Every structure is written in C-alpha cells, then in structure tokens.
Amino acid sequence: MKRGKFTVLQNKELAPATFRMVLAGDTEAITAPGQFVNIALTGKFLRRPISVCDWNEAQLTLIYKVVGQGTAQMSQMVPGTELDLLTGLGNGYDLEKSGDKPLLIGGGVGIPPLYALAKKLIAQGKSPRAILGFNRKEEQFLTAEFRALGIAVSLTTVDGSLGIKGFVTDAMPQTGYTYLYTCGPAPMLRAIDEKAVTSGQFSFEERMGCGFGACMGCTCQTKYGSKRICREGPVLEREEILW
Amino acid sequence: MKRGKFTVLQNKELAPATFRMVLAGDTEAITAPGQFVNIALTGKFLRRPISVCDWNEAQLTLIYKVVGQGTAQMSQMVPGTELDLLTGLGNGYDLEKSGDKPLLIGGGVGIPPLYALAKKLIAQGKSPRAILGFNRKEEQFLTAEFRALGIAVSLTTVDGSLGIKGFVTDAMPQTGYTYLYTCGPAPMLRAIDEKAVTSGQFSFEERMGCGFGACMGCTCQTKYGSKRICREGPVLEREEILW
Amino acid sequence: MVKTAVTLSGVLLDNPVIPASGTFGFGYEFAQWYDINCLGAISIKGTTREPRFGNPAPRIAETAGGMLNAVGLQNPGIDRVVAEELPKLREVYQKPILANISGFSLDEYVTCCAKADASPYTDLIEVNVSCPNVHHGGMSFGTDPHMVYDVTRAVKEVCRKPVYMKLSPNVTDIVSIAQACEKGGADGLSLINTLMGMRIDLKKRAPVLANTTGGLSGPAVFPVALRMVWQVYEAVHLPIIGMGGIQSAEDVLEMMLAGATAVQVGAANLVNPFACQEIIDSLPGLMERLGIQEINEIIGGAHRWEKM
Amino acid sequence: MVKTAVTLSGVLLDNPVIPASGTFGFGYEFAQWYDINCLGAISIKGTTREPRFGNPAPRIAETAGGMLNAVGLQNPGIDRVVAEELPKLREVYQKPILANISGFSLDEYVTCCAKADASPYTDLIEVNVSCPNVHHGGMSFGTDPHMVYDVTRAVKEVCRKPVYMKLSPNVTDIVSIAQACEKGGADGLSLINTLMGMRIDLKKRAPVLANTTGGLSGPAVFPVALRMVWQVYEAVHLPIIGMGGIQSAEDVLEMMLAGATAVQVGAANLVNPFACQEIIDSLPGLMERLGIQEINEIIGGAHRWEKM
Ligand SMILES: Cc1cc2nc3c(=O)[nH]c(=O)nc-3n(C[C@H](O)[C@H](O)[C@H](O)COP(=O)(O)OP(=O)(O)OC[C@H]3O[C@@H](n4cnc5c(N)ncnc54)[C@H](O)[C@@H]3O)c2cc1C
Ligand SMILES: Cc1cc2nc3c(=O)[nH]c(=O)nc-3n(C[C@H](O)[C@H](O)[C@H](O)COP(=O)(O)OP(=O)(O)OC[C@H]3O[C@@H](n4cnc5c(N)ncnc54)[C@H](O)[C@@H]3O)c2cc1C
Ligand SMILES: Cc1cc2nc3c(=O)[nH]c(=O)nc-3n(C[C@H](O)[C@H](O)[C@H](O)COP(=O)(O)O)c2cc1C
Ligand SMILES: Cc1cc2nc3c(=O)[nH]c(=O)nc-3n(C[C@H](O)[C@H](O)[C@H](O)COP(=O)(O)O)c2cc1C
Ligand code: FES
Ligand code: FES
C-alpha cells in the first residue's frame, strides 16, 4: 500500500459513460491483478475505489463508468491533472490456482480487472478464455483488447445486439475449464456461482470508508468469519462466500 | 447586481502576500468606485468579498492580501481560470459630494478602491490628493499608479522605511481639503475620524453571509438605524457612523 | 410532463421549493435576481412583536460545508412587517407566503401570530420555537415538549390559517417534541432549524462570532436533517416541511423520500442567489430520469421500501 | 523549540494528537504507513464483552464534508483484544494506549472496563456511552444523566487507571451529561462521538445504510463539537479530549482554545492514512507563527479572552 501523486495522461470515453483513464506515477505497490486504487477527489470527502485494469512500472490504467458525482468529476479531467491515489489495495486474484484453462467472466465495469489477469495468466503459459457481458452492443469496451491477447472471447448482450443474447451465464460452458475468475454486479456473481463446476475467485464491491482496512466499513460475513472487502477482499474464494 | 463568469487574465504578486488579479467578464453591474465583488471559491462555502480596484467595460482589477485559506487559494490561480462572481455589490463612493479638493486616505488593502475613485474624480475635473499608508517599504503597492494619475500622493510607513514615519493620520493636513474618502482597517478609520475637519465617506468591512442584502449577516448600527454593510454600505457617511 | 405541485394543509404550491426564513429577506429583494413567482412559496424573515436589531457583529462564520449565523432575529417588528413588508412583497409576488414568527413569551407568540394570521397576504403561519441565538426564550420553547405544546395550543387558538411549528434539532428526542406539537393541534411541522455551533479565531484566540455561538446550516447538516424528518415521519401524522442543507433537486427528492411534503432552501440562497430557481428548473428533468411522474407519490417513499 | 506535550490525568503525551477510536483499528496496521510512535496516544477500536460482527453492509455513506458510519461496534471481544490485539500493538508502539469500551448493560461495562484496566498495555479507559448504532443500550446510556452517572460510578469502582467518559452529541443539554460524569467520579471526558444522520439512495428509494441511520463525522461536525467542548469547559472541571472533524493543526489549536487538553482525529485518518502524522509535523510551525511557546497555555484560552 502506498500513497502517491499521479498525473492523468489520457482520459477517453470508450463507450457511453464509460471512460479509460491512464495515469502516470509510482505503481510499485501494485502486486496482483484484481487490486484497486482509491482516488481522492476535490470536494468529495471519501475516496473512490476503482480496480486496476492494467499497469506497468510507470503507468496504470483504470476503466470506470460514470454513475454519480465523483465519477462524473473524473470524466471531466484533462491530461496533466494531478490525482492523489492510494495504490496496492486489496488482495487481488491468486494466479497460482488457475490450472491450465481458467475461465474469466466479467460483466460491465467488472471486466477491467480481468484484463491484467488475462495478460498475467498468458505470461505464465496458461490458456485463459473470457466471457464478457454487456447490456447492448454500443456499451461494449475492451473486447478488441481481449481478443488481441489471442484468447477465445465470448460476448453476451442482454438485448442480443452483439454476441450471444442473454447473460454471461448463457455463455458459460458446462465443462472444459479448470478454474473461475469473475468480477461484476452481485446478481451476476451469484448466477455464476450456481452454474459453476470448478472452484474460483469472485471479486466484490462494497461501500468503503478507508479502503485500506482501518474502519471496518466494508466487512462481510464469510464461512470463515468476517472479512474486509478492502483488505481480505475484494477477491473471495468461491468456497467461503455466504450468498 | 449580476452574477457572471470571469476569466483570470493576470494574477501577480505586487508585494509580499499582496496580489493583483485582472479578470475578464461582464462588468456592466459595476456603477461606482468602492463597490465590491463576491467570489465563489471551490471547496469554500461562503464567497470572498473583494473591492473593485479598477474596471472598464470588459475587465476588472482586484488587489487582495493573502490572510487565510480562501485568499491563499486565489493566489495560486493561473491565467485562464474561471471564477463565478457577483458584481456591482454595495453602494460605493458618492462622487457628487467631493468638492474641488477631496482627500483620499487608504491603508493597506484599503487602498485599492480609492484608485478607481481617484480616476473618476480626476475625470470630473476634481483635484484629489491621496495619503497611502503601509507597514513598511517592502509592502507598498499601487503607489506608482497613483502618482501616474498626476495627483499629489503622500506615503506613510509605520517603520519609516518609506515616506512619513507613522500612520496615515500623521500625514493628514489640518485643512485644505473639501471632503474625505477613506478605506482601511477599523482603527485607522476611527483615528481619521478624530482628526477630520470635513465631512466624508468611510468604507467598512464585515463578515458576510451573502454580500447582497439577503441575510442580515453584516448589519451595523448607525445614527439613522441599522444598515447592511453589503447593501447600504460598505461606504457610510461620516455623520451617521456610531464608533 | 411530470407533476411537481404539492399541498400543505390546503395551501397549493406549484412545486415543493420554498426559500427558508432568514435567507430570503422579505422576498422582494430577490425579484432583482429572477421572477420569484416560480417559487412554491416564500417563508419570510423571522418576525417578533417588537423591532429587533439583533446581535452585534460579527454575525457570520464559515465552516466546512456550511456556515454559522448569529443574526439574532433582526426584524422590523410584526406591525411593520404586516403594514409594509408584506404589501411590498405582494407587488412582485402572487404565490403563497409563510409568516415566520418568533417570540420570547407565550404572549408574544400569540400576539404576533394573530397579527400575521389576520394579514390578507399570509397563507400559513410558521412558528419558530427553535432559534438558538436568542438567550432568553427562543431556545427553551423548542427543547421542552411541554412548552412546545403550550405554544402550539395558544397559537392555534388565534389562527385560522394552518400553523406549522418549526423545531430545533438541538434535542435528544425530536420525536417527542414533534408529538407534543401534534397533540397541541399543529397543522404541520417545519424541520430543522440550525444546529448550535461555534468557531474560534486563532489569531485573536477568541470566538469568531460576537455572540460566541451561532446556528450551523448548509450541506454539512443535511444528513442530520434528513434523519430527523425520517424519524418524525414514522411517528407523527402531520405534513412536514423538510430543510437543512438542501442545495439541489437531488436533495429535494431525498428529503421528500424521507417524509417531507415540501422543502425549504436556506443557506444555498446566500451563496447562489439563483439557487431556488435553479433547483426548480432542474426538478422535472431529474424526476423524469428517475421515473417519477407525480412528486406527491414519493413523499415518505423510502419508508415504504423498508417495509417491502 | 515550542513545547507540545500535554498530560491527561497523569498520562503524559508527547503531543495532543490521538487517533480516534474506530478509525485506526488496533493501531498496528497504521505502522505500515508511518512510525506510529509519533502519536500522542492511540484510542483503539471500541470493544465489547462478546465478539461482535456489527451491522450488515452497506455501513458507510458519504455526506458533504463528512461521512456516515454504521459499523456497529465490530470487534473481537475484550478477551481477545487484551490477549492478542494489545500485545500486537505494543510490538510496534510504546506510547500511551486508550482502551475504548462499549457495553449493552451496566454489567458489561464493568466487566470490560475491569479487564481493560488490568491489561499492562492500557493507560487510560475511555468509556463510550454514546455509540448511536447499537439499538439496545449504547444510545440510551449517553443521553440520560442518571444512567451516565451510574455507568461512571460503577466503572470507576473497578478501574485504577483514569476513566474518561465519551459522550454523545445527540442531546439537548451536553452540560448536564458532563456534570453527571463529574459527579460520578470520572477523571475526564471525551467529546464528541458521532451525530446521528442518514442518507437515502435516490435510485433505490431506500436508505443507503442497511442500518437506516448512522453516525456523522468529519469536518461537517467540527463547529458542533467545538461548541460542546466550549460549553462543557465552562461548567465542568475535568480535562477534555476534544474531537469531531479535526483535520489540521489549525483545528487542533481551535479545539484546545475551546477547552480541550488533547484531541482525537477520526474520519480524517480514513481519507488520508497520514493525517495524524501530518498534523503532528505541522503543529510546531503553526505554534511558532501564532506565538505559542507552550501548548498547555492555550487550553481554554478563548474563554479567558472573553473575560478580558
Ligand atoms: C473494490 C472496488 C473496485 C471497483 N472498481 C471499479 C471499476 O474498475 N470501474 C468502475 O466503474 N467502478 C468500480 N467500482 C465502483 C466505483 O467505486 C463506484 O462506481 C464509484 O465509487 C461511484 O462514485 P460516484 O461518486 O460516481 O457515485 P456516488 O453514488 O455519488 O457515490 C457516493 C458514495 O458511494 C460510493 N459508491 C457508489 N457506488 C459504489 C459502488 N458500486 N461500490 C463502492 N462504492 C460505491 C462512492 O464511492 C461514494 O462514497 C469499484 C468499487 C469497489 C469497491
Ligand atoms: C466589502 C469588503 C471589501 C473588501 N475588499 C478587500 C480588498 O480589496 N482586498 C483585500 O485583500 N481584502 C478585502 N476584503 C477582505 C477580504 O474579504 C478578506 O481578507 C477575505 O475574505 C479573507 O478570506 P480568507 O479565506 O483568506 O480568510 P479566512 O480567515 O480563512 O476566511 C474565513 C471567513 O472569514 C471571512 N473574512 C475573513 N476576513 C475578513 C474580512 N477582513 N472581511 C470580511 N470577511 C472576512 C472570509 O470571507 C471567510 O468567510 C474586503 C472585505 C469586505 C467585506
Ligand atoms: C442567516 C440565517 C438567518 C436565519 N434566520 C431564521 C429566522 O429568522 N427564522 C427561522 O425560523 N429560521 C431562520 N434560519 C434558519 C433557516 O430558516 C433554516 O431552518 C436553516 O438555515 C437550515 O436550512 P439550510 O441548511 O438550508 O440553511 C436562518 C438561517 C440563516 C442561515
Ligand atoms: C468508522 C468509524 C468507527 C467508529 N467507531 C467508534 C468506536 O468503536 N468507539 C467510539 O467511541 N467511537 C467510534 N467512532 C467515533 C470516533 O471515535 C469519533 O468520536 C467521531 O468520529 C468524531 O471524530 P471525527 O469527526 O474526527 O471522525 C467511530 C467513527 C468512525 C468514523
Ligand atoms: S473500507 Fe475501511 S476497512 Fe474496508
Ligand atoms: S452579507 Fe447578507 S445582508 Fe449583508
């Protein structure tokens, strides 16, 4: 965990109300895909938690959706804007458990953290495949980047305007994958859990006070006691989750 | 009274912690020297009242001293910054009463509004003279501009490093002026009142809620009833003031 | 077209937005900024029997997300308000007027309310039992259920127009105070007035306000106001005018979901003279985005969710 | 060199800055951010007799200039705190520790405080009679002078270490509560805990917090906290730990001028993990600029000005 100043390099609308922000700064504290940063915004008391979509030694990429005042403020930022970030927050996904053919399932703005995960898995010689779900064709983002990784990508849209009509679960195979990594809205996670045939890791969201384990604001119950989404999470093991 | 967006054209340190800010925008509501503007600042609930030092159809000049967080924030603003101002606030000085040889006395950041006043008086064919008081030489500002108007200017400094050693009252003539216009800290105003031999107008400061007459936050007692510094003031007639 | 009209005890408002007492003068001065007939209603500056200068200066201090005021009920007295200020307001404004009344004794409340009630220009009497700035009287009426009950009953006897009791948030149990008003026959409630606060000047090492303490208002108090409206709505069957930190159409709807029938906007008018107009202008669009056709339907709406 | 040391009932603090209970965990986790031995003291997470999960999520909501929390006293119970958490803290931290204790019955307070008092690692017992999130107990102890008096007396009987009662701001008359603590034998007071507030989610038309209401803290409440410290300082002869919205060295001095001997910093730690360290670092420079040589001299300083 680190606090640092970051500079906006790029802030681009990828799909309606969905933006990619590239930031330059010290990324040393980021150790695993699925971790998040917590962003201080002028005039807002609490920071905004956003998953790391991708990073290297000097830059990190976020993809966020405008849902309220804070993300609206972010969407207006021009290159050169300085931001105060806490980085390296949360546990992130555990790559060791993936097996050979892990399945990555993301819905909407749950997709971004799976991108860095896919890259790392490939680098480790694994053959991940991905199912990415959107509401409709116009809302798609990051699909080309996923395909450019050379992996199999299935798309679903609720209205059928792109890929398979329906939810991500409608594209889930009955078998053929070794492990599951997923991130997205809570009802999606739950539906996936019902259909899943392997073990896996699920990434959760919760309203946060601090984002680094100090306030007990984000605690949830698991089979193995209470866990802080910001610290022992956001990624939980399928086996421990109390739905 | 108007609300409008203004753009910072210049923001320059004239003396330690004393800045001149030139703003472009609609100045139509400004009708008299001695009026003020009320500036909205990000993250501050109340606006900051600052006297108009000078203005034309498209620009206005403010001179302000950094005394707290709001003015510190202003001092960091770069050209191009947009500000939300209420303009044309307060009564301002009444030029009609000046007589031929009005005396203008300003102390510290009470000096700025007298500059536009001097210009207007000269334009009306009057012969104003000015006494400007500072703590020490390094803190002087606007003195060259006053001299450039071609009027007699006496300077005082508390430590004697420039002009007459002492307070503005030490430079006040016993006679020879037709009217008095003054602005500065309350103790200075009071000392001037004690030495003054003509009628005159005194400009006051008070903590303000609105700056435009709505809240009764700035009311003071006068001989003729209560007056709002932001509306019936900031300029009061010598005769009505209750010291 | 969405519908924004609401009714306060028979008084029809085009929309639920009312500038709050003490932040809008006697109204007519805002006519310089915009046509004030767009307002749901106006609550005029708090009025007492005698003219009052109020507290010495400084009366204002800034706080994070809000402000303190210790104006201390400066007003020209009820007779001049009725004879001069209200007619002056009527010249530029034809919508409902709330007369906001304060007092230092039961007797003063009764006299003032009767006079306000008799004016042809008033539509509703808002009785402030909560001003925290006045040392002898104001505060104590609003913090003791028995005294609030007494004031309510006495005032109701002399008023034909609806009487709304305006309550102080500086109490352990707002519900018991609200219930005392209901028992006393109040037609409705206004809540909240300001929270008692203070600031100290570090350079002078002295309180900023000449009066030492003042009333906190502005967005900082919004969550406290919302909670009190919520609690009172659960326990009392009277219409509520909700206020405290409202700055946007979003805040209006949040307050109404908590249980308010209408709202007042206070400190926001001081930093943005167009605040009420802007809120009213953005209300229909926000309602459409949230799928609200009829604003009346959301009053107390968040309580019904809870029960689902 | 200016002097920043203060003393709380015999407990010496290098400086008056203490992270507030519930915002600093059990302390050791902040050792990852900076050397926490720079702190004046630490107030640990509120502890109860039994382990508690706390309230369901969401527990956090944002407000203008502050936040709401409805954590609901999540903690591992006093036995584990004494056996595990305090020793773990001591490994990285050698300065004073305030044990913050909550309870749902007189008996629970007594048991917990006795255990906390017996730990070699605690220096001061801070008794929270004010948590607004727990339905049966917490709130009521802190809002009734008689109950506060009973808790104070009972706890004092089992503690050798100084006992500070932590009070709720959700009361009509904070002074009468403080006086009850004094009468009960308290060594000092901590004020304030959080103000009760709420927020509503416009899209869901439901309260944001699963618990409906929560405790408001952060800069928004600073003026209310300052006012209560001021009032209590005037009426009670006990040292006060002042808190509520402190974010800067300026706020620390303002709180001390109002009457606090030391201060706690709460919500600020959550948005800036370095908050306490930064405040402590900037305190000497600010004192020099204001001509304060000895921080002790300004405690209650703004009252003395008034009397000049
Ligand atoms: C670990 C984690 C990772 C996340 N990653 C992403 C991401 O990669 N891309 C993305 O678009 N969004 C992500 N989110 C959700 C994102 O944090 C919220 O959309 C954002 O905080 C909304 O802020 P706002 O001011 O626009 O909304 P507002 O509703 O105005 O925010 C009000 C308050 O609620 C909080 N809040 C609102 N929605 C959420 C939410 N869904 N989760 C947590 N807090 C919330 C805000 O942080 C703020 O404190 C993530 C959330 C968490 C907890
Ligand atoms: C009519 C009028 C004209 C003024 N003209 C000038 C000018 O031309 N140049 C200049 O440098 N200053 C002027 N001032 C003073 C200026 O308004 C304050 O210095 C400024 O508001 C301080 O803000 P701050 O945030 O830096 O200080 P802080 O002390 O942090 O401000 C806290 C609060 O106190 C208020 N406040 C603090 N000092 C004053 C003060 N002296 N008068 C009124 N409110 C105050 C602030 O507005 C704010 O609400 C004028 C004041 C008034 C009332
Ligand atoms: C400057 C000022 C003056 C006020 N005067 C009165 C008053 O005379 N009578 C009254 O009932 N309330 C008065 N109030 C309280 C407001 O009407 C309102 O209840 C309170 O400010 C909360 O709303 P807000 O947060 O939107 O300002 C005053 C508030 C302010 C800021
Ligand atoms: C997340 C959170 C948890 C808290 N938990 C406790 C607690 O367990 N015991 C307690 O006495 N106070 C608790 N408090 C109250 C704080 O200690 C403090 O009194 C209050 O937040 C005011 O200070 P602040 O405005 O600086 O946050 C908690 C506050 C927050 C924000
Ligand atoms: S958000 Fe504070 S502990 Fe998780
Ligand atoms: S500042 Fe509001 S009336 Fe003058």
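Scoring rules and cut-offs
- Throughout this description, residue numbers start from 1 for each chain and increase along the sequence as written.
- Chain A is the first chain written and ligand 1 is the first ligand written, with later ones labelled in order.
- Per-residue local features of the predicted model are confined to residues with pLDDT of at least 70, and side-chain atom pairs are confined, for both listing and counting, to 80 or more; whole-chain, interface and lining totals are unaffected and use all residues.
- Heavy atoms from the whole structure form the basis of all side-chain values; hydrogens and water molecules are not counted.
- UniProt positions are given in the numbering used here, feature names are shortened, and annotations may be inferred rather than shown by experiment.
- A run of H or I in DSSP becomes a helix once it reaches four residues, and a run of E becomes a strand once it reaches two; helices and strands are each numbered from the N terminus.
- Using C-alpha atoms as the atom set, the radius of gyration is obtained and then compared with a globule rule of 2.2 Å times the number of residues to the power 0.38.
- In this scheme, a residue with accessible area under 20% of its type's maximum is buried, one over 50% is exposed, and one in between is partly exposed, where area comes from a 1.4 Å probe on protein chains only.
- Counted charges follow a simple rule, with Lys and Arg positive, Asp and Glu negative, and His plus the chain ends left uncounted.
- The location of each charge is read from NZ of Lys, CZ of Arg, CG of Asp or CD of Glu.
- Here, two residues are considered to be in contact whenever any of their heavy atoms come within 4.5 Å of each other.
- The term salt bridge refers to a pairing of a side-chain nitrogen on Lys or Arg with a carboxyl oxygen on Asp or Glu at a separation within 4 Å.
- N or O atoms within 3.5 Å of each other form a polar contact, as long as, within protein, one can give a hydrogen and the other can take it, and as long as residues adjacent in sequence are counted only when both atoms are side-chain atoms.
- When residue character is reported, Ala, Val, Leu, Ile, Met, Phe, Trp, Tyr, Cys and Pro are called nonpolar, Asp, Glu, Lys and Arg charged, and the others, Gly included, polar.
- When at least one non-hydrogen atom of a residue lies within 4 Å of a molecule or strand, that residue is treated as near it.
- Here, Shrake-Rupley sampling with a 1.4 Å probe gives the accessible areas, and only protein chains in the shown set may cover a residue.
- Fitted lines through C-alpha atoms give the axes, limited to the stretch in contact for helices. The angle between two N-to-C directions lies from 0 to 180 degrees.
- Small angles under 35 degrees read as roughly parallel and large ones over 145 as roughly antiparallel, with 65 to 115 read as roughly perpendicular and the rest as oblique.
- When two parts are put together, the accessible area they lose, computed with a 1.4 Å probe and summed over both, is reported as buried area.

As recorded by an unreviewed UniProt entry, chain C carries the name Dihydroorotate dehydrogenase and is attributed to Evtepia gabavorous. In its Function (unreviewed entry) section, the UniProt entry covering chain C states "Catalyzes the conversion of dihydroorotate to orotate with NAD(+) as electron acceptor." Per UniProt, chain C has the following entry under Subcellular location (unreviewed entry): "Cytoplasm".

With an unreviewed UniProt entry as reference, chain A is termed Dihydroorotate dehydrogenase B (NAD(+)), electron transfer subunit, source organism Evtepia gabavorous. As recorded by UniProt, the Sequence similarities (unreviewed entry) comment attached to chain A reads in full: "Belongs to the PyrK family."

Got a minute to help me understand the overall build of chain C in this structure?
Each helix and strand in chain C was counted, giving 10 helices and 16 strands. The globule rule puts the C-alpha radius of gyration for 308 residues at 19 Å, and the 18 Å found for chain C is close to it. Expressed along its principal axes, the backbone C-alpha trace of chain C runs to roughly 50 × 50 × 40 Å. Per-residue burial for chain C yields a buried fraction of 67% across its 308 residues. Within chain C, the 31 negative side-chain charges are centred at a point lying 5 Å from the centre of the 24 positive side-chain charges.

I'm lost on the interface of chain D and chain C in this one. Help?
Reports often express the size of an interface as the amount of accessible area lost when the parts come together. If you look at the interface, chain D gives 44 residues, while chain C gives 44 residues. Note that arginine 199 of chain C and glutamate 254 of chain D form a salt bridge whose closest N and O atoms lie 2.6 Å from each other. Where chain D meets chain C, there are 11 residue pairs in polar contact (both at pLDDT 80 or more). Only strand E11 (195-197), strand E13 (206-207), helix H6 (222-235), helix H7 (249-258) and helix H10 (301-307) of chain D provide two or more residues apiece to the side of chain D that touches chain C. Examining the composition of the side of chain D that touches chain C, we find that 7 residues originate from one element, H6 of chain D, more than from any other. Here the side of chain D that touches chain C is composed, by residue class, of 26 nonpolar, 10 polar and 8 charged.

What's the story with the UniProt feature "binding site: FAD" (unreviewed entry) in chain A in this structure? I'm lost.
Residue and element names in this part refer to chain A. As recorded in UniProt, the sites labelled "binding site: FAD" (unreviewed entry) are Arg48, Pro49, Ile50, Ser51, Gly70 and Thr71. Counting through the fold element by element, serine 51 comes out in strand E4 (residues 48-51). Excluding anything up to four places from it in sequence, serine 51 contacts Gln35, Phe36, Thr61, Leu62 and Pro113. If you trace the backbone, threonine 71 turns up in helix H1 (residues 69-75). Residue classification places threonine 71 among the buried residues on the basis of a relative accessible area of 9%. Reaching out from threonine 71, the side chain makes a polar contact with the backbone nitrogen of valine 67 at a distance of 2.9 Å.

Is there a simple way to explain the site of ligand 4 in this structure?
By nearness alone, 23 residues border ligand 4, and Ser21, Lys166, Gly218, Gly245 and Ala267 of chain D come closest of all. Around ligand 4 the close residues trace back to chains A and D. Glycine 245 of chain D has a polar backbone atom sitting 2.6 Å from an oxygen atom of ligand 4. Within the complex, 98% of the 610 Å² of free accessible area of ligand 4 lies under protein. A class-by-class count of the residues in the shell around ligand 4 yields 7 nonpolar, 14 polar and 2 charged.

What is the right way to read the packing of helix H1 (residues 78-92) of chain C against helix H2 (residues 106-118) of chain C from this model?
What describes two packed helices is the angle between their axes and the distance between those same axes. Residues and elements named next belong to chain C. Remark: H1 packs on H2, axes separated minimally by 9 Å, with the N-to-C direction vectors making an angle of 10°. The angle between H1 and H2 falls in the class roughly parallel. On H2, the residues that touch Ile78, Asp79 and Val82 of H1 are Cys112, Lys115 and Ala116. Its residues placed into classes, the contact of H1 with H2 shows 4 nonpolar, no polar and 2 charged.

What's the story with the UniProt feature "binding site: substrate" (unreviewed entry) in chain C in this structure? I'm lost.
Residues and elements named next belong to chain C. With numbering matched to this structure, UniProt assigns "binding site: substrate" (unreviewed entry) to Lys45, Asn69, Ala70, Val71, Gly72, Leu73, Asn128, Asn193 and Thr194. With a relative accessible area of 9%, lysine 45 lands in the buried category. Setting aside residues up to four positions removed in sequence, lysine 45 forms contacts with Ser21, Gly22, Gly25, Phe26, Val71, Leu73, Gln74 and Asn100. Here asparagine 128 shows up in strand E8 (residues 124-128). Here asparagine 128 is in contact with Leu73, Asn100, Ile101, Ser102, Tyr109, Lys166 and Asn193, once residues within four sequence places are set aside. Here serine 102 takes part through its side chain, which lies 3.0 Å from a polar atom of the side chain of asparagine 128.

Teacher, can you tell me more about the interface of chain B and chain C here?
On the chain C side, the residues contacting the 27 residues of chain B number 35 residues. Summing both sides of the interface, chain B and chain C together bury roughly 2,500 Å²; the carbon and sulfur share of this comes to 58%. Interface area lost by chain B to chain C is led by Arg3, Phe45 and Arg207 of chain B, which between them contribute 29%. Where chain B packs against chain C, one counts 4 salt bridges.

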